[in-house]
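Listed below, chain by chain, are the residues.
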Amino acid sequence: MSIRPAERGEFTQRAYARGKLGLCEVEALADLITADTSAQRRLALRQFDGRLSRLYDGWRSELIGCLAHAEAVIDFGDDEDLGPDDPEEDEPSSDGTGQGGVWDAISPRVSSLRARMNRHLSDSHRGELLRSGLRVAIVGPPNAGKSSLLNLLADRDAAIVSPVAGTTRDVVEVTLDLGGVRCTVSDTAGVRNEGEDGVNEIEVEGMRRARRAAMEAHVVVGVVD
C-alpha cells in the first residue's frame, strides 16, 4: 500500500465526483479559501450551505415540467387531452381542443420563472462585486490632496506627497478592507488643462491614465482644494 500527499484540490474533486458537493458548493469553497474580507467569507458560506443548488434545482424541475407539456402537445396534437392536472383549470381552446388550456397554463409559469431569474441575476451583481472587490479611483486637480487621502485610508505612506504639482505621474493602487469589502483604491495624477505652462508629455500620459482609471472604477472620489 503506497502513501502519497494529496494533490491540490483532490479531496474536493473526489467529493464532487461522488455527488457529495455540487458545482455551487465547490465554487463557494474556492471563494472561501481565497476570501480576503469578512464580507467575502460570509458570502461564500451562504453559498456553501446549498441554498443556491436547491434554488437552481427547483428552476430546472419547473422548466422540465413546462417542456414536457409543450412537447406532448407537439407530439400528440388534438388526439389527447393534455390540459393541466386539475380538470377545472382546463379551458378548451377556440377549436374545441385542450391545447389552449395547456399553453395558457405553461405561459404564466414560464413568465414567472423568467422574472424570478432576472431578479436573481440583478441581485447576483452585488455578490460579484463583493467577490471580485470594488475599484475606487481618487481623481482631482494637482495638489488637491489625493495622495494624502490614499495614505490616510491605507494608514501608511503608499503614495509620495509633495507640494510640487504633478508629483503623482502614474496610478498608485492599494488594496484595502473597507467595512468588510475588498477595495482597490487608485491614486491618480492630477488633471488639468494640457495647454498650461509646465505640462509635459509625461504628465499628459499620467492624466490619460487617470481618466482611464476613473472610467474603469466602480466608485469615483473627487478631491478638490
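Residues numbered from 1 in each chain as written. Predicted model: local features only at pLDDT ≥ 70, side-chain atom pairs only at ≥ 80, totals over all residues. Heavy atoms only, no water.

Peer 1: Explain the side chain of S53 to me, please; I cannot follow it from the model alone.
Peer 2: Looking at the element boundaries, S53 is found in helix α4 (residues 51–76). For S53, the residues in contact, after removing those within four places along its chain, are C24 and E25. (Helix = DSSP H or I, 4+ residues; strand = E, 2+ residues; numbered from the N terminus. Contact = heavy atoms within 4.5 Å.)

Peer 1: Which parts of the structure should I look at to understand the packing of aromatic side chains?
Peer 2: Each aromatic ring pair is described using two quantities: the centre-to-centre distance and the angle formed by the ring planes. Taken as a whole, this structure holds one aromatic pair when the rule is applied. Ring centres of Y56 and W59 lie 5.6 Å apart, and the angle between their planes is 45°; this geometry places the pair in the tilted category. Highlighted residues: Y56 and W59, both in helix α4, separated by three residues, approximately one helical turn. What makes Y56 partly exposed here is its relative accessible area of 31%. A relative accessible area of 10% places W59 in the buried class. (Phe/Tyr/Trp six-rings, centres within 6.5 Å; stacked < 30°, edge-to-face > 60°. Buried < 20%, exposed > 50% of the residue type's maximum accessible area, 1.4 Å probe, protein only.)

Peer 1: Can you help me understand the nonpolar core in this one?
Peer 2: When a protein is soluble and globular, its nonpolar side chains tend to lie buried together. Counting twelve residues, the largest nonpolar core is built from V136, I138, A144, L150, A154, A159, V174, L176, V181, C183, V185 and V223. Within the residue set of this core, elements represented by two or more residues are β1 (134–139), α6 (146–154), β2 (172–178) and β3 (181–187). Ranked by residues supplied to this core, first place goes to β3 with three residues. Excluding anything up to four places from it in sequence, L176 contacts L153, A154, V181, R182, C183 and V185. (Core = buried A, V, L, I, M, F, W, Y, C linked by side-chain atoms within 4.5 Å.)

Peer 1: What's the story with unusual backbone geometry in this structure? I'm lost.
Peer 2: Negative phi values dominate among residues other than glycine, just as trans dominates among peptide bonds. Look at N143: it is not a glycine, yet its phi comes out positive at around 60°. Among the secondary structure elements, N143 is positioned in the loop between β1 and α6. Of note in this structure, D155 is not a glycine but carries a positive phi near 60°. By secondary structure assignment, the location of D155 is in the loop between α6 and β2. With relative accessibility at 70%, the residue D155 sits in the exposed group.

Peer 1: Is there a simple way to think about the sheet that holds β1 in this case?
Peer 2: Through backbone hydrogen bonds, the strands of a sheet pair up, either in parallel or in antiparallel fashion. The strand order β2-β3-β1-β4 describes an open sheet built from four strands, whose pairing is mixed. Strands with a single pairing partner mark the edges of an open sheet, and in this sheet they are β2 and β4 (219–222). Mean inter-strand twist for the sheet, computed between neighbouring axes without regard to direction, equals 25°. Sheet contacts for helix α7 (residues 201–216): β1 and β4; angle to β1, the most-contacted strand, approximately 140°. (Pairing = 2+ DSSP bridges. Axes fitted to C-alpha atoms, helices over the stretch in contact; angles between N-to-C directions.)

Peer 1: Looking at this model, I keep getting lost on the pattern of salt bridges. Mind explaining?
Peer 2: Once their charged atoms are close, side chains differing in charge can pair, the charge on each being opposite to the other. Counting across every chain of the model gives ten salt bridges. For R4, the salt bridge is made with E10, and the minimal N-O distance between the two is 2.7 Å. As a salt-bridge pair, E62 and R116 come within 2.9 Å of each other at their nearest N and O atoms. Of this pair, E62 sits in helix α4 while R116 is found in helix α5 (residues 99–132), placing the two residues 54 residues apart along the sequence. Taken together, the shared-partner salt bridges in this structure form one network comprising D170, E205, R208 and R209. (Salt bridge = Lys/Arg side-chain N within 4 Å of Asp/Glu carboxyl O.)

Peer 1: Please explain α4 as it appears in this structure.
Peer 2: Three- or four-residue spacings in an α-helix give side chains the same orientation, since the helix completes a turn every 3.6 residues. The end-to-end C-alpha distance of α4 is 38 Å, a good match for the 38 Å that 26 residues give at a rise of 1.5 Å each. Along α4, the positions that sit buried rather than exposed are L52, S53, W59, G65, C66, A70, A72 and V73. (Expected span 1.5 Å × (residues − 1).)

Peer 1: I tried to follow the packing of helix α2 (residues 23–34) against helix α3 (residues 38–48) on my own but got confused; where do I start?
Peer 2: Geometrically, a packed helix pair is captured by the angle between its two axes and the distance between the axes. Look at α2 against α3: their axes get within 8 Å of each other, and the N-to-C directions meet at 160°. In terms of axis orientation, α2 runs roughly antiparallel to α3. For the pair α2 and α3, the sense of crossing is left-handed. Along its contact with α2, which presents C24, E25, E27, A28, L29, D31 and L32, the element α3 presents R41, A44, L45, Q47 and F48. Looking at the contact of α2 with α3 residue by residue, the class counts come to seven nonpolar, one polar and four charged. (Parallel < 35°, antiparallel > 145°, perpendicular 65-115°, else oblique. Left-handed = near helix turned anticlockwise from the far one by under 90°. Nonpolar A, V, L, I, M, F, W, Y, C, P; charged D, E, K, R; others polar.)

Geometric descriptors of this kind do not, in isolation, establish any biological role.
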